[in-house]
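Chain and residue survey
So you can see what is in the structure, the chains are spelled out below.
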Amino acid sequence: MMSIPDNKKESWKEKILHEVTEYWINVIYLTLVFAAFTQYRRFVLAAHDITYTNYWVAVIEALILAKVIMIGAVFRLGRGLEDKPLIFPTLYKTVIFTIFVGAFTFIENAVKGLWKGIGPMGGLAAFFEKGTHELLANSLIVFASFIPFFAFKELQRVYGVDKIRTLFFWRRTPESVDGEKRVEAV
């Protein structure tokens, strides 16, 4: 029989494992999305004989953005429409987290300016030198990538993580269409 402190320790281990797993799933998803757009940028620039080799930007951005998303979740951003049809909390969280990422990016560039010795305003000036078209395009990419991301998160919230994993990763028979019965791994 386990004592209460052992149960508490185990729950902390489980919580840490859950958080780390969620973080890396978020990183993988975001890396794939950003890598696709990075490759697209490379192709577009190659058509104009411009070499683009910033492939690691997608991974770095995904590592940062996954942590920003988890910080937003800790602050319970986007809560409030959970009792509505799933399209509402999905789009609401997409908008809220896109704004949150934009605010974080703004602060990040001010800190970069301090780090580089040009001051926070210098960092922000360098950020805005990209131009409105690139800033809007980056915001649109984040927004578009968040729609399926938060739709999946909402499905997990409503149906439970185990049910969604079963539906996505286990083969089903006609008798187990509801996803309850695991038949064989894919």
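Position numbers for residues count from 1 along each chain, tracking the sequence in the order it is written. Where local features are concerned, this predicted model is filtered to residues with pLDDT of at least 70; where side-chain atom pairs are given and counted, the filter is 80 or more; whole-chain, interface and lining totals use all residues. With hydrogens and water excluded, all non-hydrogen atoms of the structure serve as input to the side-chain values.

1. Some remarks on unusual backbone geometry
Phi is positive for D49, close to 55 degrees, though the residue is something other than glycine. Put simply, DSSP marks the helices as runs of H or I at least four residues long and the strands as runs of E at least two long, and each gets a number from the N terminus on. Here D49 is to be found in the loop between α1 (4–46) and α2 (56–74). The exposed category is assigned to D49, whose relative accessible area is 73%. Throughout, exposure labels follow a simple rule: accessible area from a 1.4 Å probe, protein chains only, divided by the maximum for the residue type, with under 20% read as buried, over 50% as exposed, and the rest as partly exposed.

2. Brief notes about the confidence of the model for the chain
Averaged over all residues, the pLDDT of the chain equals 83, while 87% of them reach at least 70. Across the chain, helix α5 (residues 132–159) holds the top mean pLDDT of 91, while strand β2 (residues 184–185) sits lowest at 52. pLDDT measures the predictor's confidence residue by residue and takes values from 0 up to 100. The criterion used for residue contact is that any of the two residues' heavy atoms lie within 4.5 Å. Confidence drops under a pLDDT of 50 for residues 1–7, and excluding neighbours within four residues, the segment shows 2 contacts in the predicted structure.

3. Topic: the environment of I60
Following the sequence through the fold, I60 ends up in helix α2. Note on I60: relative accessible area 47%, which makes it partly exposed. Sequence separation between I60 and F34 is 26 residues; the distance between their C-alpha atoms is 9.8 Å.

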